[in-house]
Amino acid sequence: MSLSLEPGLRLVAATHNPGKARELAALLEGRFDVVSAAALNLAEPEEPETTFVGNAIVKARAAADASGLIALADDSGLCVAGLDGAPGIYSARWAGPNKDFSHAINLVEARLADTESDDIRAWFVCALAVAWPKGPVVAVEGRVDGSLTFPGRGKLGFGYDPIFIPEGGSLTFGEMDPLAKDAISHRARAFAALKAALF
Ligand code: IMP
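Let me sum up the structure you'll find in this document. (Residues numbered from 1 in each chain as written. Predicted model: local features only at pLDDT ≥ 70, side-chain atom pairs only at ≥ 80, totals over all residues. Heavy atoms only, no water.)

**Brief notes about the overall build of the protein chain**
For step 1, the next point in the chain: Helix and strand counts for the protein chain stand at five helices and six strands.
For step 2, the next point in the chain: From first element to last, N terminus to C terminus, the protein chain shows the α and β order β-α-β-α-β-α-β-β-β-α-α.
For step 3, the next point in the chain: The C-alpha atoms of the protein chain give 17 Å as radius of gyration, which agrees with the globular expectation for 199 residues (16 Å, within 12%).
For step 4, the next point in the chain: For the protein chain, the spread of C-alpha atoms along the three principal axes comes to 50 × 30 × 25 Å.
For step 5, the next point in the chain: For the protein chain, buried positions account for 43% of its 199 residues.
For step 6, the next point in the chain: Contacts in the protein chain between residues far apart in sequence, at least 24 positions, make up 58% of those at least 6 positions apart.
For step 7, the next point in the chain: Surface accessibility of the protein chain: about 9900 Å² in total, with carbon and sulfur atoms responsible for 53%.
For step 8, the next point in the chain: Positive and negative side-chain charges in the protein chain, numbering 18 and 25 respectively, have mean positions lying 5 Å apart. (Helix = DSSP H or I, 4+ residues; strand = E, 2+ residues; numbered from the N terminus. Rg over C-alpha atoms; globule rule 2.2 N^0.38 Å. Buried < 20%, exposed > 50% of the residue type's maximum accessible area, 1.4 Å probe, protein only. Contact = heavy atoms within 4.5 Å. Areas by Shrake-Rupley, 256 points an atom, 1.4 Å probe, with all protein chains shown as cover. Lys, Arg positive; Asp, Glu negative; His and termini not counted. Charge placed at Lys NZ, Arg CZ, Asp CG, Glu CD.)

Following this line, the structure appears as structure tokens:
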């Protein structure tokens, strides 16, 4: 079996979030015929692992084995140095059932205040995994380092973007043009690593 991805191949995007399936397809530059795990009625696996890469592998493995197609999965989040890497793999969960990221951002600010640490370093991580049905799996990780600012600024992004300033910059991800963010983001870096590994 060759561990490379030929253009036109049918891939399953191991996500039940239609927005994410579209985002994954776009990042693959229309090179593949991407179908989502939800469209194939695949069960959504638990995320039992303790690392981004571990969770991406679990999701890709489950979708590949259930569908018989090569599967692509991601897992991402924000890690805060002063909180020992939290919220990390729990980044989505900190927003609660209503996916309220102003709540998640307030929680980060409050927890940092509790630690009395003045360490505002933070980094976003994106792990991507590609799994072959009953076969091998390839996983990569991308990361962007920066620092936090409160209150958040900017409405252009999503999630924790308003409080994150990438290293060397002065604008938050929430204030940056999406194309400028995409040029340096953890997701873009993970995709570059994946392309180098598989395309
Ligand atoms: P998951 O990868 O869908 O499990 O969720 C990752 C969570 O991390 C999301 O809910 C986002 O809020 C957060 N996150 C991941 N990437 C970004 C980003 O580029 N900007 C802001 N928040 C992000």
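Additional details are given in the paragraphs that follow.
**Comments concerning helix H2 (residues 52-67)**
It helps to recall that an α-helix has 3.6 residues per turn; residues three or four apart then point in one direction.
For step 1, the next point in the chain: With 16 residues, H2 ought to run about 22 Å at 1.5 Å a step, and its terminal C-alpha atoms sit 23 Å apart, in line with that.
For step 2, the next point in the chain: Taken residue by residue, H2 has Phe52, Gly54, Asn55, Ala56, Lys59, Ala60, Ala63 and Ala64 as its buried positions.
For step 3, the next point in the chain: For H2, the secondary structure elements touched by its buried residues are strand S1 (10-13), strand S3 (70-80), strand S4 (121-131) and strand S5 (137-148). (Expected span 1.5 Å × (residues − 1).)

**Side note on the environment of Leu40**
For step 1, the next point in the chain: Its location among the elements puts Leu40 in the loop between strand S2 (33-36) and H2.
For step 2, the next point in the chain: Separated by 23 residues in sequence, Leu40 and Ala63 place their C-alpha atoms 9.5 Å apart.
For step 3, the next point in the chain: When near neighbours in sequence (up to four residues on either side) are disregarded, Leu40 contacts Val12, Val35, Ser67 and Leu69.

**Some remarks on the state of the cysteines**
For step 1, the next point in the chain: One pass over the structure, following the stated rule, counts zero disulfides.
For step 2, the next point in the chain: With no disulfide partner, Cys79 has as its closest neighbouring cysteine sulfur the one in Cys126, 12 Å distant.
For step 3, the next point in the chain: Judged by relative accessible area, Cys126 falls into the buried class, the value being 0%. (Disulfide = S-S within 2.5 Å.)

**Section: the site of the ligand**
For step 1, the next point in the chain: Neighbouring the ligand are 15 residues; Lys20, Ser76, Asp161, Lys181 and Arg187 lie closest to it.
For step 2, the next point in the chain: In this structure, Asp161 approaches the ligand through a side-chain N or O atom, which is 2.6 Å from a nitrogen atom.
For step 3, the next point in the chain: Measuring from a nitrogen atom of the ligand, one finds a side-chain N or O atom of Arg187 at 2.8 Å.
For step 4, the next point in the chain: With the chains in place, 88% of the 490 Å² that the ligand exposes on its own is no longer accessible.
For step 5, the next point in the chain: Elements with a contribution of two residues or more to the shell around the ligand: S3 and helix H5 (186-198).
For step 6, the next point in the chain: Residues of the shell around the ligand, tallied by class, amount to five nonpolar, five polar and five charged. (Near = heavy atom within 4 Å. Polar contact = N/O pair within 3.5 Å; in protein donor to acceptor, adjacent residues only side chain to side chain. Nonpolar A, V, L, I, M, F, W, Y, C, P; charged D, E, K, R; others polar.)

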